[in-house]
Structures are given as structure tokens and as C-alpha cells.
Amino acid sequence: MCRILIIEDDQSIAELERDYLEIEGFEVEIASEGNSGLEASLSHNYNLILLDLMLPNVNGFELCKQIRNETNIPILMVTAKNEDIDKVRGFGLGADDYIVKPFSPSELVARVKAHLARYDRLIHKETPAEEIQIRGLHIKKSSRQVFINGKEVILTTKEFNLLTFIAMHPNQVFSKEHLFEKIWGLDSMGDTATVTVHVKKIRKKIEKDTTNPQYIETIWGAGYRFKG
């Protein structure tokens, strides 16, 4: 049974979400503020998190960032705001979807099911993940080789690590900050411009047309996404 964590300080909304999800057969738990929500999300085995943006103690953006650093499960942000800048920020921090209040319960359930199904497909796709193959791109993780239409291209260590990481998470937007932390580490010297430079170098080696990339897509204001 899929387990869902609702992090929401409005009890009536949290209970409404819980009731509709439980009717669909999901196991649901509720955390009413940021600190307890973070603790629960990192200490239990959930399949999806519904995250309110306006929370006591820790706001939803910071919470999303901390959760995403530890797990790749779907995070659906729920908020009363309908600002594009908030959506871009949320996606940049690793959110998978953005639901604006008020919403229909049936829409919520449909989106939850869709993201769970997508994540399940990705997990099963990654299980034998020694090799990644998509549209002529072939990554061999064990031998650290990359081929384009059968022809090997030579990548540096950081280029290979960056390409492999985003290719293992297709259709997920990663901010430059997140990628820098993942590939270079929190203690590394440098800045996020390093990510931009490495993406450009990777594109020159794997893309037929760098102005219209078919693999690594720029999401303006948010980061990068590997087209699945």
C-alpha cells in the first residue's frame, strides 16, 4: 500500500485531503508544521509528499529543498498562491507539481495517482541502471563510457557524473544549486556558474544541435531537465 505524508497546518484541509486519499486506498499521515513534517519525511518510508507552502517554523520552499536532498519521491506543493515566480522557485527546488487552493479533491487524487505511477515507472526503469539508453544516447555506468549513435564521446569525470545523474532522473527539474551540491559537494570551492559551463561542454559532445537540445533542456529561472 502506498504511504502519503501530508504536511499542512490547516487541519480542515489536511483532513479533507486525507479522507479522499484514504477512500482511494492510500495510507495517509499528517504533520501540522514544518519541523515535524521534515522529521517525518526523513524518518519514514513514504511514497509521496503533499507539502503546503505556508507552514509554521519552516516554510515549504526550505522544506522542499531539504527533503529533495535526501529522497527522490514525488513532492506536490499545495498553496493558496498562484504566482508564477513561486511555481518556478518550487520546481527549481525539486517539486514535481504545484496545486493551487481551492482545488477539487478529484483533481488532487488524479495528480497523486499520476505522479505515483510515473515514479514507479522510473524506479523500475532505473533498477537495472548499469546502463541508460535513450534516443541514441548510451551511458555505461560501470565502464564510465558514453556513446552517441554508437560512437564513443569522451567526457571528463565531472561531465560524466553530471550527465549520468540527470539522465537517471528524466523529466525532473534540478536547480544549478542542487546539481552543484550533488556533483561537486557542499565543501567544494566555486559557484553554480560551474554547472552552466559543464552543461555547455556536455551539449557540445552529445547534442546534434546545441541551440535545440534533445537531451539536456534549460528551464529558464529553474535549472535543467533531462528529456525522458
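For the structure, check the block above.
Residues numbered from 1 in each chain as written. Predicted model: local features only at pLDDT ≥ 70, side-chain atom pairs only at ≥ 80, totals over all residues. Heavy atoms only, no water.

> Can you lay out the pattern of salt bridges for me, pointing to particular residues and giving the numbers?
Scanning the model with the defined rule gives 11 salt bridges in all. Here arginine 3 ties to glutamate 27 by a salt bridge, and the two come within 3.3 Å at their closest N and O atoms. Placement of the pair is arginine 3 in strand β1 (residues 3–7) and glutamate 27 in strand β2 (residues 27–31), with a sequence separation of 24 residues. For glutamate 27, a relative accessible area of 34% corresponds to the partly exposed category. Among the ionic pairs, arginine 68 bridges to aspartate 96, the shortest N-O distance being 2.8 Å. Residue arginine 68 is found in helix α3 (residues 60–68), and its partner aspartate 96 is found in the loop between α4 (84–92) and β5 (97–100); the two are separated by 28 residues along the sequence. Accessibility expressed as a relative area gives 2% for arginine 68, which makes it buried. Exposure remark for aspartate 96: the relative accessible area of 24% places this residue in the partly exposed category. (Salt bridge = Lys/Arg side-chain N within 4 Å of Asp/Glu carboxyl O. Helix = DSSP H or I, 4+ residues; strand = E, 2+ residues; numbered from the N terminus. Buried < 20%, exposed > 50% of the residue type's maximum accessible area, 1.4 Å probe, protein only.)

> Report on the sheet that holds strand β9 (residues 151–153), specifying residues and quantitative values.
Strand order across the open sheet formed by four strands is β6-β7-β8-β9, with antiparallel pairing between neighbours. Looking at which strands have only one partner, the edges of the open sheet turn out to be β6 (131–134) and β9. Neighbouring strand axes in the sheet, compared pairwise and without regard to direction, differ in orientation by 20° on average. The pairing of β6 with strand β7 (residues 137–140) spans four bridges and is antiparallel. Following the sheet pairing, glutamate 131 is matched in β7 by lysine 140. In this fold helix α6 (residues 157–167) packs onto β6, β7 and β8 (145–148), with an angle of close to 110° to the strand it touches most, β7. (Pairing = 2+ DSSP bridges. Axes fitted to C-alpha atoms, helices over the stretch in contact; angles between N-to-C directions. Contact = heavy atoms within 4.5 Å.)

> Can you explain the packing of α6 against helix α8 (residues 193–206)? Please cite residues and give values.
Contact geometry of α6 with α8 gives a least axis separation of 10 Å together with a crossing angle of 85°. Relative to α8, the element α6 is oriented roughly perpendicular. Side by side, α6 and α8 meet where Lys158, Glu159, Leu162 and Leu163 of the first sit next to Val195, His198, Val199, Lys201, Ile202, Lys205 and Ile206 of the second. Partitioning the contact of α6 with α8 into residue classes produces six nonpolar, one polar and four charged. (Parallel < 35°, antiparallel > 145°, perpendicular 65-115°, else oblique. Nonpolar A, V, L, I, M, F, W, Y, C, P; charged D, E, K, R; others polar.)

> Explain the packing of helix α7 (residues 176–184) against α8 to me, using residue names and the numbers behind them.
In the contact formed by α7 and α8, the axes pass within 8 Å of each other and the chain directions differ by 80°. The angle between α7 and α8 places the two elements in the roughly perpendicular class. Facing Lys176, Leu179, Phe180 and Trp184 of α7, the residues of α8 in contact are Thr194, Val195, Thr196 and His198. For the contact of α7 with α8, the class distribution of residues is four nonpolar, three polar and one charged.

> Describe the sheet that holds strand β12 (residues 223–226), listing the residues and the values that go with them.
Ordered in space as β10-β12-β11, the three strands form an open sheet in which the pairing is antiparallel. At either margin of the open sheet sits one strand with a lone partner, and together these are β10 (173–174) and β11 (216–219). Of the strand pairs in this sheet, β11 and β12 are connected by four bridges, and their pairing is antiparallel. Across the sheet, isoleucine 216 pairs through a bridge with phenylalanine 226, a residue of β12. With respect to the sheet, α8 is in contact with β11 and β12, its orientation differing from that of β11 by roughly 145°.

> Which residues make up the environment of lysine 182, and what values go with them?
Along the chain, the position of lysine 182 falls in helix α7. The exposure class assigned to lysine 182 is partly exposed, which follows from its relative accessible area of 42%. Taking C-alpha positions, lysine 182 is 8.5 Å from asparagine 69, a pair spaced 113 residues apart along the chain. When sequence neighbours within four positions are dropped, the list of residues in contact with lysine 182 reads Asn69 and Phe165.

> Explain the pairing of β7 residue by residue, including any values.
Between the antiparallel neighbours β6 and β7 lie two residues, among them arginine 135 with a positive phi of about 45°. Here four bridges tie β7 to β8, and the two strands are oriented antiparallel to one another. Within β8, the position partnered with leucine 137 by the bridge is isoleucine 148. Between β7 and β8, which pair antiparallel and follow one another directly, the connecting turn spans four residues, one of which, arginine 144, has a positive phi of 55°.

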